[in-house]
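Take a look at the letters that make up each chain.
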Amino acid sequence: MPADSDLNLRLRHYLNGLPPQALPITYQQAAEALGLSPPRTIRRVAVALETLMQEDVAAGRPMLATLVVSRRGDLPGAGFFELAVALGRFPANPAEHRAAYQREFAAAMAQRG
């Protein structure tokens, strides 16, 4: 699925504008807030988040994508962790992912101001 630069920008602005007590949000909440319509709404959010991850790591910023989690729990989906490892932001050992996520989430929250 090709990147949608408008969606990426809207998602970044949306996540930066949410009050701290509203975070994290789910992929579904992000899709609804951005007015996405089926099909593949969650996939489109995931692709946009992957782009934000790449941009944030390249710029040396905390990954804003940590603010979006799966509805099945309190962590992002598996693709988030795979990309975080590939980008060199998270350790390869899955046993260390939760702690790495928690640190990154705290850094992303602090960066938002």
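Computed from a predicted model, the values in this text were never measured in an experiment.

## Here we look at the environment of M53
Link 1 in the chain: The topology assignment puts M53 in helix α3 (residues 41–59).
Link 2 in the chain: For M53, a relative accessible area of 1% puts it in the buried group.
Link 3 in the chain: Along the chain, M53 and F80 lie 27 residues apart, while their C-alpha atoms are 8.6 Å from each other.
Link 4 in the chain: If sequence neighbours within four positions are ignored, M53 has contacts with M63, A65, F80, L83, A84 and L87.

## Some words on the confidence of the model for the protein chain
Link 1 in the chain: Residues of the protein chain with pLDDT of at least 70 account for 96%, and the chain-wide mean is 94.
Link 2 in the chain: Within the protein chain, helix α1 (residues 5–17) has the poorest average pLDDT of any element, 95, and strand β2 (residues 68–69) the best, 98.

## What about unusual backbone geometry?
Link 1 in the chain: Residues L23 and P24 are joined by a peptide bond in cis, for which omega reads 0°.
Link 2 in the chain: Structurally, the position occupied by P24 is in the loop between α1 and β1 (25–26).
Link 3 in the chain: For the peptide bond that leads from P38 to P39, omega is 10°, which places it in the cis range.
Link 4 in the chain: Examined against the element boundaries, P39 turns out to sit in the loop between α2 (27–33) and α3.
Link 5 in the chain: At R40, a residue that is not glycine, the phi angle is positive and equals roughly 60°.
Link 6 in the chain: Note on placement: R40 falls in the loop between α2 and α3.
Link 7 in the chain: Judged by its relative accessible area of 54%, R40 is exposed.

The rules behind the values
Residues numbered from 1 in each chain as written. Predicted model: local features only at pLDDT ≥ 70, side-chain atom pairs only at ≥ 80, totals over all residues. Heavy atoms only, no water. Helix = DSSP H or I, 4+ residues; strand = E, 2+ residues; numbered from the N terminus. Buried < 20%, exposed > 50% of the residue type's maximum accessible area, 1.4 Å probe, protein only. Contact = heavy atoms within 4.5 Å. pLDDT = per-residue confidence, 0-100.

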